[in-house]
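Chain residues, written in single-letter form:
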Amino acid sequence: MASVPSLLMALLLSSYGPGGALGCDLPQNHVLVSRQNFVLLGQLRRISPFFYLEDRKDFRFPQEMVDGSQLQKAQAISVLHEMLQQIFNLFHAERSSAAWDATLLDKLLTGLHQQLEDLDTSLVQVMGEQDSAQGRAGPTLVLKSYFQGIHLYLKEKKYSDCAWEIVRLEIMRSFSSLTNLQERLRTNDGDLGSP
């Protein structure tokens, strides 16, 4: 049976087409950087899953934020940006560096930063088309709450290696959900409802 990271990687690779754009002008290497970030998240694994089964937690990932058929392009790009920003902040935290291989962590942070810069440009482009800060605020507040729960969990578990591993797996799951949203952005203009 295939491992969860292998299945997630297959999902990630199959969801990207050759263009890699999000309905805006992202550089061609954005898709490559996203793939590399996902692989790096997998490579950060340090502990066998059997050691942290009792620490598992359902963080209640707001799947509706990435599945939401009511999202407009600006909202979707804003959701992508917020997710990547929160993931960057999480792994950039001082206590994170003790849990991971420094070289892999630096590569991940560099890749996330590059994706954020790409999305900054894209967000500016679509804001001209759809200037509705209030419409983007709701989804990003939900995401901030989700990540606050992750931060509280880490604090509660005293930033243990097991807690970080649980969080790493959660971030891999949420990261793979982002790819589906990116695919929908590439294939639909404006409204992300059913194709």
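Rules used in this analysis
- Residues numbered from 1 in each chain as written.
- Predicted model: local features only at pLDDT ≥ 70, side-chain atom pairs only at ≥ 80, totals over all residues.
- Heavy atoms only, no water.
- Helix = DSSP H or I, 4+ residues; strand = E, 2+ residues; numbered from the N terminus.
- Buried < 20%, exposed > 50% of the residue type's maximum accessible area, 1.4 Å probe, protein only.
- Contact = heavy atoms within 4.5 Å.
- Areas by Shrake-Rupley, 256 points an atom, 1.4 Å probe, with all protein chains shown as cover.
- Salt bridge = Lys/Arg side-chain N within 4 Å of Asp/Glu carboxyl O.
- Core = buried A, V, L, I, M, F, W, Y, C linked by side-chain atoms within 4.5 Å.
- Phe/Tyr/Trp six-rings, centres within 6.5 Å; stacked < 30°, edge-to-face > 60°.
- pLDDT = per-residue confidence, 0-100.

### Here's the deal with the overall build of the protein chain
Phase 1: Tallying secondary structure elements over the protein chain gives seven helices and zero strands in all.
Phase 2: The linear arrangement of helices and strands in the protein chain, starting from the amino end, is α-α-α-α-α-α-α.
Phase 3: Burial statistics for the protein chain: of 195 residues in total, 50% are counted as buried.
Phase 4: Taking the contacts inside the protein chain whose residues are at least 6 apart along the sequence as the reference set, 85% of them involve residues at least 24 apart.
Phase 5: In the structure as shown, the protein chain presents an accessible area of about 9800 Å², 53% of it carried by carbon and sulfur atoms.

### Side note on the pattern of salt bridges
Phase 1: Applying the stated criterion to the full structure yields five salt bridges.
Phase 2: Ionic pairing is found between K157 and D55, a salt bridge with its closest N-O pair at 3.2 Å. With K157 in the loop between α6 (133-156) and α7 (161-187) and D55 in the loop between α2 (29-43) and α3 (63-67), this pair connects stretches of sequence that are 102 residues apart.
Phase 3: For E170, the salt bridge identified is with R173, shortest N-O distance 3.1 Å. With a gap of three residues between them, E170 and R173 both fall in helix α7, about one helical turn apart.
Phase 4: Assessed through its relative accessible area of 41%, R173 is described here as partly exposed.

### As for the nonpolar core
Phase 1: By size, the foremost hydrophobic cluster in this structure holds 48 residues, and its most contacted members are L41, L90, F91, I150, V167, I171 and F175.
Phase 2: Contributing elements (two or more residues each) for this core: α2, α3, α4 (73-92), α5 (102-129), α6 and α7.
Phase 3: Ranked by residue count, the leading element in this core is α7, at 11 residues.
Phase 4: Setting aside residues up to four positions removed in sequence, I150 forms contacts with F59, L90, V167, E170 and I171.

### Brief notes about the packing of aromatic side chains
Two aromatic rings, taken as a pair, are described by how far apart their centres are and by the angle between their planes.
Phase 1: One pass over the structure, following the stated rule, counts seven aromatic pairs.
Phase 2: Taken together, the ring pairs connect F61, Y146 and F147 into an aromatic cluster.

### Digging into the environment of P49
Phase 1: Following the sequence through the fold, P49 ends up in the loop between α2 and α3.
Phase 2: Distance from P49 to I166, taken between C-alpha atoms, is 8.8 Å for residues 117 residues apart in sequence.

### Describing unusual backbone geometry
Phase 1: The phi torsion at K158 lies on the positive side, around 55°, for a residue other than glycine.
Phase 2: Residue classification places K158 among the exposed positions, given a relative accessible area of 68%.
Phase 3: In this model, Y159 sits at a positive phi of 55°, which is unusual for a non-glycine residue.
Phase 4: Inspection of the secondary structure assignment puts Y159 in the loop between α6 and α7.

### Some details on the confidence of the model for the protein chain
Phase 1: Mean pLDDT over the protein chain works out to 76, with 70% of the residues at or above the 70 mark.
Phase 2: Here helix α1 (residues 4-15) stands out as the element of the protein chain with the lowest mean pLDDT, 39, in contrast to α4, whose mean of 89 is the highest.
Phase 3: Confidence drops under a pLDDT of 50 for residues 1-23, and excluding neighbours within four residues, the segment shows 46 contacts in the predicted structure.

### A look at the environment of A163
Phase 1: Position of A163 among the secondary structure elements: in helix α7.
Phase 2: Put simply, A163 and R56 are 107 residues apart on the chain and 8.1 Å apart in space, counted from C-alpha to C-alpha.
Phase 3: Those residues in contact with A163 that lie beyond four places of it in its chain are Y153, L154 and K157.

### Side note on the environment of V39
Phase 1: Of note, V39 is situated in helix α2.
Phase 2: Separated by 133 residues in sequence, V39 and M172 place their C-alpha atoms 9.3 Å apart.

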